[in-house]
Amino acid sequence: MNSQEPTPTGAGPSSVGSAQLRKVALSSLLGTVIEYYDFLLYSTMAALVFGKLYFPTATPGVSTVAAFGTLAAGYVARPLGGLLFGHFGDRLGRKSMLVVTMMLMGGASFLIGVLPTYDKIGFAAPVLLVLLRVVQGVAVGGEYGGAALMVIEHADSRRRGAWVGIMQLGSPFGFLLSTAAVTLVTLLPSEAFLSWGWRVPFLLSAVLLMIGLYVRLSVVESPVFREAAAAAEAQAQPKVPALQLLKQPRALVLACAAGIGPFALTALTSSHIIAYATGIGYQTSDVMRALLFTVSVSLVCIPLFSALSDRFGRRRVVMVGAVGTVLFALPLYAMVDSGSVVIMTAGLMIAQVLQNLMYSPLAPMLSEMFGTRVRYTGVSLGYQFASLLGAGFTPLIATSLVAASGGSSLSLSAIAAVSAAITIVSIWLITETRGRDLTEDGPAVGGRSDSGAMEGTR
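Residues numbered from 1 in each chain as written. Predicted model: local features only at pLDDT ≥ 70, side-chain atom pairs only at ≥ 80, totals over all residues. Heavy atoms only, no water.

With an unreviewed UniProt entry as reference, the protein chain is termed Putative proline/betaine transporter, source organism Saccharopolyspora shandongensis.

Right, dumping it as structure tokens:
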């Protein structure tokens with residue numbers, strides 16, 4: 001590992017007050033809560049009901065695979081959202097794009113809650129379901145990068161990790177809310193749950209949307225972006241930030257590879273574990289309770305590991321989690337296969353700690369890898385391609401491999417270990433970004449360019 005680390009420097013205008021920073025952090029937190037609530041709610045319902053209600057002509061196993069296929073459609077759309085909102089976010093600003101992404105996400109989820117089933121409108125039902133999932137994916141593709149940048153570009157360089165850790169709590173909070181909502185409605189009689197109960201959590205997203213928009217509209221634009229926009233008035237603006245990145249793609253490729261490990265582990269231990277565990281004899285309610293305990297780990301670990309990355313560096317924290325995942329991949333599924341709810345829950349909680357180690361430093365690290373005028377695009381594309389490759393097809397592939405192997409979990413351990421190994425290689429190649437001055441503009445950090453602006457990977 002390259003131990004070279006930049007000296008922490010100022011990150012933005014000193015005029016940014018603590019009250020405004022707290023409001024920005026709250027806005028980004030709420031946006032991320034809505035993002036994860038809606039997106040993970042769909043993942044859970046894909047495992048529980050969508051196969052039965054929207055693909056009823058298939059056998060149960062094929063129906064589940066088909067439902068996970070619609071799940072993958074949302075992940076495929078995420079890079080498109082990252083490209084679209086990243087482009088306008090780098091040209092017009094972060095705040096306006098975040099308002100649009102929040103409205104798209106909440107609106108699509110509400111419409112899923114009122115969408116007629118296959119029995120009512122036939123083939124149009126799965127088509128509309130996929131379309132709404134794509135809209136969700138586009139919205140999520142633009143949400144994460146902008147929410148992270150709003151916090152990071154307001155915060156002091158010495159505490160970027162700590163502040164963005166608040167935003168990233170939206171992941172466990174969103175998961176807790178979605179899991180709690182699903183847990184409550186699964187207590188209904190089976191007929192009531194399948195007829196109307198599953199819709200209630202989607203309809204509740206409208207409440208989260210109104211609260212989130214109220215807070216988000218009250219924050220100010222990123223000071224780093226405002227400075228860069230003012231300085232660029234006398235210069236030629238890059239018309240397409242994505243093309244600037246593709247001219248020297250090393251940083252974008254490494255940013256994507258770094259996120260594959262944590263996303264694959266998330267897919268295995270959240271959406272896929274429901275179908276797998278219930279398939280080997282666990283009760284759905286027991287699995288949902290296990291997931292509640294599992295995600296609770298993140299309430300402590302995400303802010304802790306994000307803050308630790310300020311002190312020890314982004315790469316070191318991610319590397320510990322990735323190596324740990326490789327070593328724990330086999331024991332994890334041995335614990336799941338034990339048949340004991342307690343042992344399964346313990347295994348999932350340990351896996352969550354490892355996932356949080358890999359995931360928590362990603363937002364500050366990716367933000368520090370790109371220059372201001374391409375940062376929204378770079379962070380969004382890197383993160384969303386990682387999400388697509390690491391999590392988008394994982395439940396579908398995992399379900400197919402388990403079925404092909406007669407129920408063996410060895411393929412699941414292999415997916416977790418190989419994905420974490422990809423993260424290890426990428427982190428090895430990335431030079432430490434902690435403390436980089438975000439006002440330094442450049443295409444991206446990744447090797448060296450003639451302008452000397454590319455200084456983040458070796």
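Picking up after the structure, the text goes on.
Brief notes about the overall build of the protein chain
A count of helices and strands for the protein chain gives 21 helices and 0 strands. Looking at the protein chain residue by residue over its 458 residues, the buried ones come to 60%. Counting only contacts in the protein chain whose residues sit at least 6 apart along the sequence, the fraction spanning at least 24 positions is 86%. Carbon and sulfur atoms form 69% of the exposed surface of the protein chain, whose accessible area is close to 16700 Å². (Helix = DSSP H or I, 4+ residues; strand = E, 2+ residues; numbered from the N terminus. Buried < 20%, exposed > 50% of the residue type's maximum accessible area, 1.4 Å probe, protein only. Contact = heavy atoms within 4.5 Å. Areas by Shrake-Rupley, 256 points an atom, 1.4 Å probe, with all protein chains shown as cover.)

Quick look at helix 8 (residues 190-197)
Structural remark: α-helix, 3.6 residues per turn; residues separated by three or four positions point the same way. When we look at burial in helix 8, the residues that qualify are Ala-192, Phe-193 and Gly-197. All buried residues of helix 8 fall inside an arc of 100° around its axis, so they share one side. Opposite the buried face of helix 8, at more than 90 degrees from it, the exposed residues are Ser-190 and Glu-191. Considering only its buried residues, helix 8 is in contact with helix 1 (18-54), helix 7 (170-185) and helix 9 (199-203). (Arc of directions from axis to C-beta.)

Quick notes on the pattern of salt bridges
Summed over the entire model, instances satisfying the criterion amount to 6 salt bridges. Glu-143 is paired through a salt bridge with Arg-216; the nearest N and O atoms lie 2.9 Å apart. Residue Glu-143 is located in helix 5 (residues 124-152), and its partner Arg-216 is located in helix 10 (residues 205-216); the two are separated by 73 residues in the primary sequence. Judged by relative accessible area, which is 3%, Glu-143 ranks as buried. For Arg-216, a relative accessible area of 1% gives the class buried. When the shortest N-O distance is used, the salt bridge between Asp-310 and Arg-314 registers 2.8 Å. Arg-314 matches Asp-310 in its accessibility class, with the two residues each being buried. (Salt bridge = Lys/Arg side-chain N within 4 Å of Asp/Glu carboxyl O.)

Some details on the packing of helix 1 against helix 3 (residues 94-113)
When two helices pack together, you describe them by how their axes are tilted relative to each other and by the distance separating the axes. Following both chains from N to C, one finds helix 1 and helix 3 inclined at 25°, their axes separated by 10 Å at the closest point. Put simply, helix 1 runs roughly parallel to helix 3. Considering only the axes of helix 1 and helix 3, their crossing is left-handed. Contact residues: Gly-31, Ile-34, Glu-35, Asp-38, Phe-39, Tyr-42 and Phe-50 in helix 1; Met-102, Met-105, Gly-106, Ser-109 and Ile-112 in helix 3. Here the residues of the contact of helix 1 with helix 3 sort into 7 nonpolar, 3 polar and 2 charged. (Axes fitted to C-alpha atoms, helices over the stretch in contact; angles between N-to-C directions. Parallel < 35°, antiparallel > 145°, perpendicular 65-115°, else oblique. Left-handed = near helix turned anticlockwise from the far one by under 90°. Nonpolar A, V, L, I, M, F, W, Y, C, P; charged D, E, K, R; others polar.)

Some points on the packing of aromatic side chains
Applying the stated rule across the entire model yields 10 aromatic pairs. Their ring planes at 85° and their centres at 6.0 Å tell us that Tyr-276 and Tyr-333 sit as a pair that is edge-to-face. Here Tyr-276, found in helix 14 (residues 271-279), pairs with Tyr-333, found in helix 16 (residues 314-336); they are 57 residues apart in sequence, far enough to count as distant. The class of Tyr-333 is buried, set by a relative accessible area of 1%. Feature note: the residues Tyr-42, Phe-50, Tyr-54, Trp-198 and Phe-202 constitute an aromatic cluster, connected by ring pairs. (Phe/Tyr/Trp six-rings, centres within 6.5 Å; stacked < 30°, edge-to-face > 60°.)

Some words on the environment of Ser-18
By the secondary structure assignment, Ser-18 is in helix 1. Along the chain, Ser-18 and His-154 lie 136 residues apart, while their C-alpha atoms are 9.6 Å from each other.

Comments concerning the nonpolar core
Met-45, Phe-50, Tyr-54, Trp-198 and Ile-273 are the most contacted members of the largest nonpolar core, which has 122 residues in total. Considering each element in turn, this core owes the most residues, 18 residues, to helix 1. Each of domain 1 (18-224) and domain 2 (244-446) gives at least three residues to this core. Those residues in contact with Met-45 that sit more than four places away from it in its chain are Phe-50, Val-182, Val-185, Phe-193, Trp-198, Pro-201 and Phe-202. (Core = buried A, V, L, I, M, F, W, Y, C linked by side-chain atoms within 4.5 Å. Domains from an automatic or database assignment.)

Notes on the side chain of Ser-419
On the secondary structure map, Ser-419 appears in helix 21 (residues 410-429). Polar side-chain contacts of Ser-419 include one of 2.7 Å to the backbone oxygen of Ile-415. Apart from the residues within four sequence positions on either side, Ser-419 is in contact with Ile-260, Gly-261 and Ala-264. (Polar contact = N/O pair within 3.5 Å; in protein donor to acceptor, adjacent residues only side chain to side chain.)

What about helix 14?
Those residues of helix 14 that sit buried are Ser-271, His-272, Ile-273, Ile-274, Tyr-276 and Ala-277. Positive phi shows up at Gly-281, right after helix 14, with a value of about 120°.

Considering a nonpolar patch on the surface
A surface patch of nonpolar side chains, about 310 Å² in accessible area, is lined by Val-76, Phe-393, Ile-397 and Leu-401. Mapped onto the secondary structure, Ile-397 falls in helix 20 (residues 394-404). Residue Ile-397 is classed as partly exposed on the basis of its relative accessible area, which comes to 44%. (Patch = residues over 30% accessible without salt bridge, like charges linked within 9 Å, V, L, I, M, F, W, Y side chains within 5 Å.)

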